[in-house]
Amino acid sequence: MAKAKTETSMEKITSLCKRRGFIFQNSEIYGGLASTWDYGPLGVELKRNVKEAWWASSVYERDDIAGLDAAILMHPKAWQASGHVKSFFDLLVDCKNCKKRFKLEDLTESGKKKIGQAKCPNCAGTSFTEQRPFNLMFKTFLGPVEETGSQIYLRPETAQGIFVNFNNVLNSTHKKLPFGIAQIGKAFRNEVTTGNFTFRSREFEQMEIEYFVRPPEANKWYKYWIKERFDWYVKLGINPDNLRIREHKKDELAHYAKACADIEYKFPFGWAELEGIANRTDFDLKQHANLSGKDLNYFEQDSKERLVPYIIEPSGGVDRTMLAFLIDAYREEEVRERKRVVLGLDKRLSPIKVAVLPLLKNRAEIVKLAKSITDDLRKNLCGGGKRVVYDDTAAIGRLYRRQDEVGTIFCVTVDVDSLQDKKVTVRQRDSMEQERISIENLKNYLGEKLQS
Ligand code: ATP
């Protein structure tokens, strides 16, 4: 059996995602809404598992971080305080020849060359309009009157919901510095350049930690979080050769940041950001304190001093992370001169943990036994809540291939012998090894193997 890792193209991943129900174009029957995506029956499971793995390592496995789920809509002053109203924009130019619109930074390689040296990627024209700013926040209105006074925004990042709740979390949890608040939620950006499947979408989900520290310790925690977050991707199966850390240069830093590093993944279209870790200083808490008129500081018991903590922020995207997991897990193998497609996802991430397959679907006793095994595993496997499916829609060889392609960890086959010896065949995804296991022991056997 050859185990060569093939170069995974975006075409292969997008086609698999559509064919097997991971990701669909949003509003497809109407021709699609640009850069918005819907997660299908398997995609929703994988996405939940990605978020659960992040939540477990960020919240459940620690004492120093608490969770939060803030609203998408916020008081418009929050976005003035954060700087988004003033500075969250792209500079746009139009090609005078073909009228196509571009981000200035894309034409000038992020400012490395002048616009006078740029060529239109569409028509090779060299004449462009003056640059003008375009704010990336989606606007909407609160209440029934559509006027400037009632204009609000869909949040472009989840972080601000954490900062404005700093006092609430501190007072309700009595945390001591350093401590963090973690949140997963939707964010919206009216991106100018999109593409590369879900990599840059207009509606996406973020997983963010805001970690509050004593200012002199900020650099130590900044480094800590870069390592911690890098290791998280590796622990969940991403090949470390496909990951790198890129430290931002001073002129790249956002207005609020003192330092920032990206964890980048080697996508088929090149190295690109999965997650950013930033030292946001005391900018956010001070800004919100200024605009709200409320104190947002921390009382140090020992020294009896008040201080405004610095914030270290690991900020990742659920959709991008999921895309990287899919690409990294995809492989094609030759098995007995036939191609086998396998999604070698980590067992914590796989959408389906176990598929129960009857060898003969026209034998009522076999079907009955297979269904009762499915029910039992659903209720009892690792305390329930792990996806177990029953499938009799094709012959066994094809069923195995279908399950391999979506990353199912175990297939359990019920055959004629099972009726007599009360055993089933358990087939493992990666090795394809098969073992006869007694039905009585099945949930313990699988439970142990699936335990992280
Ligand atoms: P980029 O430079 O790619 O636009 P960014 O630096 O603006 O990203 P951040 O503001 O740091 O991104 O957001 C944190 C994370 O949120 C990113 O690392 C990414 O995983 C995710 N993210 C940001 N914008 C998008 C988007 N349009 N679509 C999908 N995920 C996104």
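Residues numbered from 1 in each chain as written. Predicted model: local features only at pLDDT ≥ 70, side-chain atom pairs only at ≥ 80, totals over all residues.

Moving on, we get to the nonpolar core. Counting 93 residues, the largest nonpolar core has Phe325, Val354, Val356 and Ile373 as the members making the most contacts within it. In terms of residue count, helix 10 (residues 318-329) provides more of this core than any other element does, eight residues in total. Viewed by domain, this core spans two of them, domain 1 (10-75 + 156-328) and domain 3 (352-450), each represented by three or more residues. Those residues in contact with Ile373 that sit more than four places away from it in its chain are Val356, Val412, Val414, Val424, Ile439 and Leu442. (Core = buried A, V, L, I, M, F, W, Y, C linked by C-beta atoms within 7 Å. Buried ≥ 20, exposed ≤ 12 C-beta atoms within 10 Å, placed from the backbone. Helix = DSSP H or I, 4+ residues; strand = E, 2+ residues; numbered from the N terminus. Domains from an automatic or database assignment. Contact = placed C-beta atoms within 7 Å.)

Turning our attention to the sheet that holds strand 6 (residues 132-135). Backbone hydrogen bonds are what pair the strands of a sheet, in a parallel or an antiparallel way. The strand order across the open sheet built from three strands is 5-4-6, with neighbouring strands paired in antiparallel fashion. Edge positions in the sheet fall to strand 5 (101-103) and strand 6, since each of these pairs with one other strand and no more. Neighbouring strand axes in the sheet, compared pairwise and without regard to direction, differ in orientation by 45° on average. The pairing of strand 4 (residues 89-94) with strand 6 spans four bridges and is classified as antiparallel. The residue of strand 6 that forms the bridge with Leu91 is Pro133. (Pairing = 2+ DSSP bridges. Axes fitted to C-alpha atoms, helices over the stretch in contact; angles between N-to-C directions.)

Our focus in this paragraph is the pairing of strand 22 (residues 423-428). Sheet faces and side chains relate simply in a regular strand, where the side chains alternate between the two faces. Here strand 21 (residues 410-414) pairs with strand 22 via four bridges, running antiparallel. For Val412, the partnering residue across the bridge sits in strand 22 and is Val426. Note: strand 22 against strand 23 (residues 434-438), five bridges, orientation antiparallel. Among the inter-strand pairings, Arg427 is bridged to a residue of strand 23, identified as Gln434. Counting the residues that bridge the hairpin from strand 22 to strand 23 gives five residues, and of these Met432 lies at a positive phi of roughly 65°.

Okay, the environment of Ser57 next. Among the secondary structure elements, Ser57 is positioned in helix 2 (residues 41-60). Accessibility expressed as a C-beta count within 10 Å gives 18 for Ser57, which makes it partly exposed. Separated by 156 residues in sequence, Ser57 and Val213 place their C-alpha atoms 19 Å apart.

When its domains are assigned, the protein chain resolves into domain 1 (10-75 + 156-328), domain 2 (89-135) and domain 3 (352-450). Put simply, the middle of domain 1 and the middle of domain 3, counted by C-alpha atoms, are 37 Å apart.

Attention now goes to the site of the ligand. Contacts to the ligand come from 16 residues, most closely from Phe204, Gly276, Ser315, Gly317 and Arg320. The element best represented in the shell around the ligand is strand 13 (residues 270-281), accounting for four residues. A breakdown of the residues in the shell around the ligand according to their chemical character gives two nonpolar, six polar and eight charged. (Near = placed C-beta within 6 Å. Nonpolar A, V, L, I, M, F, W, Y, C, P; charged D, E, K, R; others polar.)

Orientation of helix 2 relative to helix 10, taken along the N-to-C sense of each, is 110°, at an axis distance of 10 Å. By the criterion of interaxial angle, the relationship of helix 2 to helix 10 is roughly perpendicular. Mapping the contact onto sequence places Leu46, Lys47, Val50 and Lys51 in helix 2 and Val318, Thr321, Met322 and Phe325 in helix 10. Split by residue class, the contact of helix 2 with helix 10 holds five nonpolar, one polar and two charged. (Parallel < 35°, antiparallel > 145°, perpendicular 65-115°, else oblique.)

Turning to the sheet that holds strand 21, a few remarks are in order. One open sheet accounts for five strands, arranged 20-19-21-22-23; its pairing is mixed. Looking at which strands have only one partner, the edges of the open sheet turn out to be strand 20 (388-390) and strand 23. Direction aside, the axes of adjacent strands within the sheet are offset by 25° on average. In this structure, strand 19 (residues 354-358) lies alongside strand 21, joined through five bridges in parallel fashion. Across the sheet, Leu357 pairs through a bridge with Thr413, a residue of strand 21.

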